[in-house]
Amino acid sequence: MFTTTSGRNKSYRDSFSQRVNKPLNKRQRSFKEYAQTRKINTQQASPASSSPTKSQATSPVSPNLNSAIVTICVGPSHRLFAAHEDVLSRAPYFAQACRAQFFEASGKRIDLPNEEPEVFSAVLEYLYKGDYTPKLIYDKKRASWMLDDGEGTGAVNAESTIYCNGIGGSVLKDTAIYCSAHRYSLPELQRLALKKQGLQSGVQCSTILSSARYAYANTPASDSKLRAHYLALIIRSRNTFKRSGTMQMEMEAGGTPLFFDLFVAMVNHLDDISGARSR
């Protein structure tokens with residue numbers, strides 16, 4: 001459905017054009033061997049509150065196999081992806097980028113130097129299938145949502161986090177997907193990523209804080225979903241943070257809006273508790 005490859009992999013010989021029943025040349029060409037195209041350099045700098053329902057996930061539409069193939073160069077490693085233009089254009093951000101190359105005859109190419117390949121792979125999977133791995137499934141017996149991660153526990157594992165070159169550390173993958181969905185104007189994907197992240201458990205304190213900082217750096221101040229999620233998560237995990245000493249080191253290094261918002265949230269939390277007791 002979509003494919004990825006390293007920009008340095010000379011042996012890559014697969015492309016979507018092979019699926020259109022077009023005759024192949026004697027010498028198959030990879031996307032890397034195409035003629036140079038004009039690049040679009042992008043410097044990457046409020047969803048509804050309802051929970052997903054059984055029919056809420058975006059219904060994938062069969063791609064037009066005759067539509068143009070767009071090459072996307074992602075991250076500092078220049079990893080190459082390929083996608084049908086009509087599928088990619090379901091995201092307004094990419095639709096505009098493709099329109100900007102309307103007269104390009106040698107193939108369209110979009111550069112995302114600040115995106116992480118693992119995140120863009122999930123975005124592309126969502127555009128094709130309406131979801132991304134691990135899938136969100138509904139457990140009829142428990143009448144609740146769960147992640148199809150093989151165990152259904154939602155426990156954080158190696159695939160739940162990604163290394164973010166921008167901050168030089170690990171963040172929760174769902175957080176990075178949420179922020180990218182905001183950039184690409186995909187509110188339904190934001191809602192899906194937030195729902196999946198809410199099902200995660202066993203997140204380390206350091207990962208929570210690094211992901212919270214990432215969320216604050218990549219969402220607008222008006223964001224009332226992802227930021228609030230982290231404030232509530234830190235408050236619920238306050239005893240763990242207090243024992244670990246991680247919060248103390250972070251606050252001593254401080255200076256970010258996260259900690260002021262956290263202070264206000266904790267004060268409001270205490271006010272709610274005091275108000276409930278006085279009734």
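Please read all numbers here as calculations on a predicted model, not as lab measurements.

### Notes on the packing of helix α6 (residues 205-217) against helix α7 (residues 226-236)
Each pair of packed helices can be summarised by the angle the axes make with each other and by the distance between the axes.
And then number 1: Viewed as axis vectors pointing N to C, α6 and α7 meet at an angle of 155°, and their least axial separation amounts to 9 Å. With respect to α7, the element α6 is oriented roughly antiparallel. Considering how the two elements wind past one another, α6 and α7 form a crossing that is left-handed. Seen from α6, the contacting residues are Ile 208, Leu 209, Ser 211, Ala 212, Ala 215 and Tyr 216; seen from α7, they are Leu 226, Arg 227, Tyr 230, Leu 231, Leu 233 and Ile 234.
And then number 2: Split into classes, the residues belonging to the contact of α6 with α7 amount to ten nonpolar, one polar and one charged.

### Comments concerning helix α10 (residues 257-277)
And then number 1: Under the 1.5 Å per step criterion, the end-to-end length of α10 is 31 Å for 21 residues, consistent within 8% with the ideal 30 Å.
And then number 2: Within the span of α10, buried status applies to Leu 258, Phe 259, Leu 262 and Ala 265. Angular distribution of buried residues about the axis of α10 spans 120°; they occupy a single face of the element. Opposite the buried face of α10, at more than 90 degrees from it, the exposed residues are Pro 257, Phe 260 and Phe 263.
And then number 3: Where the residues of α10 are buried, they touch α6, α7 and α9 (246-253).

### What to know about the packing of aromatic side chains
How two aromatic rings sit relative to each other is set out by the distance from centre to centre and by the angle between their planes.
And then number 1: For the coordinates displayed, the defined rule picks out six aromatic pairs.
And then number 2: Measuring from centroid to centroid gives 5.1 Å for Phe 81 and Phe 120, while their planes differ by 75°, and the two rings are edge-to-face. With Phe 81 in strand β3 (residues 79-84) and Phe 120 in helix α3 (residues 117-129), the pair connects residues that are 39 residues apart, well separated along the chain. Here Phe 81 matches Phe 120 in class, with each residue buried.
And then number 3: Plain terms: the ring middles of Phe 94 and Phe 120 are 5.9 Å apart, the flat faces sit at 80° to each other, and that makes the pair edge-to-face. Taken together, the residues Phe 94 in helix α2 (residues 92-99) and Phe 120 in helix α3 connect sequence positions 26 residues apart. Phe 120 shares its class with Phe 94; the two are buried.

Definitions and limits used
- Residues numbered from 1 in each chain as written.
- Predicted model: local features only at pLDDT ≥ 70, side-chain atom pairs only at ≥ 80, totals over all residues.
- Heavy atoms only, no water.
- Axes fitted to C-alpha atoms, helices over the stretch in contact; angles between N-to-C directions.
- Helix = DSSP H or I, 4+ residues; strand = E, 2+ residues; numbered from the N terminus.
- Parallel < 35°, antiparallel > 145°, perpendicular 65-115°, else oblique.
- Left-handed = near helix turned anticlockwise from the far one by under 90°.
- Contact = heavy atoms within 4.5 Å.
- Nonpolar A, V, L, I, M, F, W, Y, C, P; charged D, E, K, R; others polar.
- Expected span 1.5 Å × (residues − 1).
- Buried < 20%, exposed > 50% of the residue type's maximum accessible area, 1.4 Å probe, protein only.
- Arc of directions from axis to C-beta.
- Phe/Tyr/Trp six-rings, centres within 6.5 Å; stacked < 30°, edge-to-face > 60°.

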